[in-house]
Amino acid sequence: TGIVAFLVGFKFVGMVVDLDISTRDPLSYIFSAQGNLLAGILFAALAVGSQYYNHKKNKAEPVTKKVKTYPSTRVGDMAVLAAVSGFGGAKLFNTFEDWDQFTTDPFGSLFSSMGLTFYGGLIVAVIAFYFYAKKYKIDFRHLCDAAAPGLILAYGIGRLGCMVAGDGDWGVYNSAFKLNEDQKVVSAQKGEFDQIVANNPEHFARMQKEYKKVPNVYFHSSVLPVWFQAYTYPNNVAREGVVMPGQPAPYNRQLASPVFPTPLYEFLASVLIFSILWLRRRSWKVPLTMFSVYLILNGIERFFIERIRVNAEYSNGMSQAEIIGLGIVAVGIILFLLRKKIDSTVGVKPIAQN
């Protein structure tokens, strides 16, 4: 209680006092060492004092009794466990994916508000929940099935956040489109993209250094809306691209050439997968069916979307997300084939179904 109260006072009072600084870049302020130390100490002292007073006032003789505890009563604990293990795993796997950035600035990389790998969070959280289920005698199979629809829906909502914020989680360049003089996305001829790259060397320098080329795909459909095929992420929080005329800093940039808005594609795919799981949830009676189908569909979706995303590749020409995506598909298929043979030894005796 004291730690939480200290952080609230330190950060939020600091943001109010240093309003000019915090409003220019709230995320950087929150993840920095800046704050109001006096307010943090005061908030912590008041919170701890209040807890101590209530403890003394309501102190009673301890009573021991047996009570029935169902999984639903532990949702609060599970939410905290999911947040801690999920965030920690997402940061850990992102460190492996962007190793050069981590070695250059370890502290900044770990405590940055950006840079999270979903599969890292999923893998670490599953391991943490397995031991949690074993400790509190919850059938791990049913816990996996219950979590599957929420996992994919949360993933989609997260990707929608990436789309709105423009945090760098976008696709490769769509060379069939360009920005005109009025900063609007319009059709481009084949070969024009090379000229755009040549005219904006600073914007494309890092990508050319890392990938030896600027990844792009020429795709144009008269049926689909332009923003669904090509988007420049104006005012993106990643501060990538060229300066937008007349826009105040620091979020005054947009990409010099449109890219595929892959977060939007993943949001739509996640909603579709969620709908399948939700509509079929009552007809799948065998434990782990729901979870194995979730793994298969999510792994397939992630593998194919990675084909048009920019990520660091290993020597085999595949990114970390593609390798993990294929691995999760394989795990899902194995689980689906063996689900009838996997008994409650993964947890304990199955919970009675209503």
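We now turn to the structure provided with this report. Computed from a predicted model, the values in this text were never measured in an experiment. (Residues numbered from 1 in each chain as written. Predicted model: local features only at pLDDT ≥ 70, side-chain atom pairs only at ≥ 80, totals over all residues. Heavy atoms only, no water.)

**Structural notes on the overall build of the chain**
- Assigned secondary structure in the chain consists of 15 helices and six strands.
- The buried share of the chain, reckoned over its 354 residues, is 37%.
- Put simply, 70% of the contacts in the chain that link residues at least 6 apart link residues at least 24 apart.
- By element, 64% of the accessible surface of the chain is carried by carbon and sulfur atoms, the whole surface being about 21,100 Å². (Helix = DSSP H or I, 4+ residues; strand = E, 2+ residues; numbered from the N terminus. Buried < 20%, exposed > 50% of the residue type's maximum accessible area, 1.4 Å probe, protein only. Contact = heavy atoms within 4.5 Å. Areas by Shrake-Rupley, 256 points an atom, 1.4 Å probe, with all protein chains shown as cover.)

**Regarding the nonpolar core**
- One finds Ile 152, Leu 277, Phe 291 and Tyr 294 to be the most contacted residues of the largest nonpolar core, which totals 26 residues.
- Counting residues per element, the ones that place at least two in this core are helix 5 (75–97), helix 8 (118–135), helix 9 (140–165), helix 13 (262–280), helix 14 (289–306) and helix 15 (320–338).
- Per-element accounting of this core gives the leading share, six residues, to helix 9.
- Apart from the residues within four sequence positions on either side, Leu 277 is in contact with Ala 148, Pro 149, Ile 152, Trp 284, Met 290, Val 293 and Tyr 294. (Core = buried A, V, L, I, M, F, W, Y, C linked by side-chain atoms within 4.5 Å.)

**Overview of the side chain of Thr 232**
- For Thr 232, the position within the fold is in the loop between helix 12 (226–229) and strand 5 (242–243).
- A distance of 2.8 Å separates polar atoms of two side chains, one belonging to Thr 232 and the other to Gln 254.
- Among residues more than four places away in sequence, those in contact with Thr 232 are Leu 179, Val 185, Gln 254, Leu 255, Ser 257 and Pro 258. (Polar contact = N/O pair within 3.5 Å; in protein donor to acceptor, adjacent residues only side chain to side chain.)

**Observations concerning the pattern of salt bridges**
- On inspection of all chains with the given rule, the structure shows eight salt bridges.
- Notably, a salt bridge pairs Asp 169 with Arg 159, separated by 2.3 Å at the nearest N-O pair. Taken together, the residues span a long stretch of sequence, with Asp 169 in the loop between helix 9 and strand 1 (173–174) and Arg 159 in helix 9 at a distance of ten residues. Per residue, the accessibility class of Asp 169 equals that of Arg 159, and both read buried.
- Salt-bridge contacts for Glu 306 lead to Arg 302; the nearest nitrogen and oxygen are separated by 2.9 Å. Of this pair, Glu 306 and Arg 302 both sit in helix 14, four residues apart, which is roughly one turn of the helix. (Salt bridge = Lys/Arg side-chain N within 4 Å of Asp/Glu carboxyl O.)

**Observations concerning the packing of aromatic side chains**
- Within this structure, the stated rule accounts for 16 aromatic pairs.
- Judged by centre distance (5.0 Å) and plane angle (50°), the ring pair of Phe 228 and Tyr 265 falls under tilted. Here Phe 228, found in helix 12, pairs with Tyr 265, found in helix 13; they are 37 residues apart in sequence, far enough to count as distant.
- For Tyr 265, a relative accessible area of 17% corresponds to the buried category.
- Taken together, the ring pairs connect Phe 129, Tyr 132 and Tyr 136 into an aromatic cluster.
- Lying across the ring of Tyr 218, Lys 190 places its NZ or CZ 5.1 Å from the centre.
- Arg 281 extends its terminal NZ or CZ atom over the ring of Trp 278, reaching a point 3.9 Å from the ring centre. (Phe/Tyr/Trp six-rings, centres within 6.5 Å; stacked < 30°, edge-to-face > 60°. Lys NZ or Arg CZ within 6 Å of the ring centre and 35° of its normal.)

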